[in-house]
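# Secondary and tertiary structure notes
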Amino acid sequence: MTITLNGQSTPCADGSSILSLLTEHGLAPETVVVELNRTIIPGENYASTALADGDHVEVLRFVGGG
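Here's what I pulled together on the structure shown here. Note that this is a predicted model, so its numbers are computed, not measured. (Residues numbered from 1 in each chain as written. Predicted model: local features only at pLDDT ≥ 70, side-chain atom pairs only at ≥ 80, totals over all residues. Heavy atoms only, no water.)

## Let's talk about the side chain of serine 16
- As for its placement among the helices and strands, serine 16 is situated in the loop between β2 (8–11) and α1 (18–24).
- Those residues in contact with serine 16, other than ones at most four positions away along the chain, are Met1, Thr49, Ala50 and Leu51. (Helix = DSSP H or I, 4+ residues; strand = E, 2+ residues; numbered from the N terminus. Contact = heavy atoms within 4.5 Å.)

## Some points on the environment of leucine 36
- Along the chain, the position of leucine 36 falls in strand β3 (residues 32–36).
- The exposure class assigned to leucine 36 is buried, which follows from its relative accessible area of 10%.
- Those residues in contact with leucine 36 that lie beyond four places of it in its chain are Ile18, Ile41, Thr49, Leu51, Asp55, His56 and Val57. (Buried < 20%, exposed > 50% of the residue type's maximum accessible area, 1.4 Å probe, protein only.)

## A few points about the environment of serine 20
- As for its position among the elements, serine 20 is in helix α1.
- Residue classification places serine 20 among the partly exposed residues on the basis of a relative accessible area of 31%.
- Along the primary structure serine 20 and glycine 43 are separated by 23 residues, whereas in three dimensions their C-alpha atoms are 13 Å apart.
- Of note is the side chain of serine 20, whose polar atom sits 2.8 Å from the backbone nitrogen of serine 17. (Polar contact = N/O pair within 3.5 Å; in protein donor to acceptor, adjacent residues only side chain to side chain.)

Structure below.
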């Protein structure tokens, strides 16, 4: 299947969850916020939230600085 990840068309395995997507891209779940089809998904739901063909996923990473 194909999803849109941060504005880019990205292949994704059927049955993938948000957690598996983050892991595949080397992102620590505790350091990001995920928006799925314009809805913020709570971190505790990453493993149980399945992705579907055509989904739009935005992954935001917080960066500190001063």
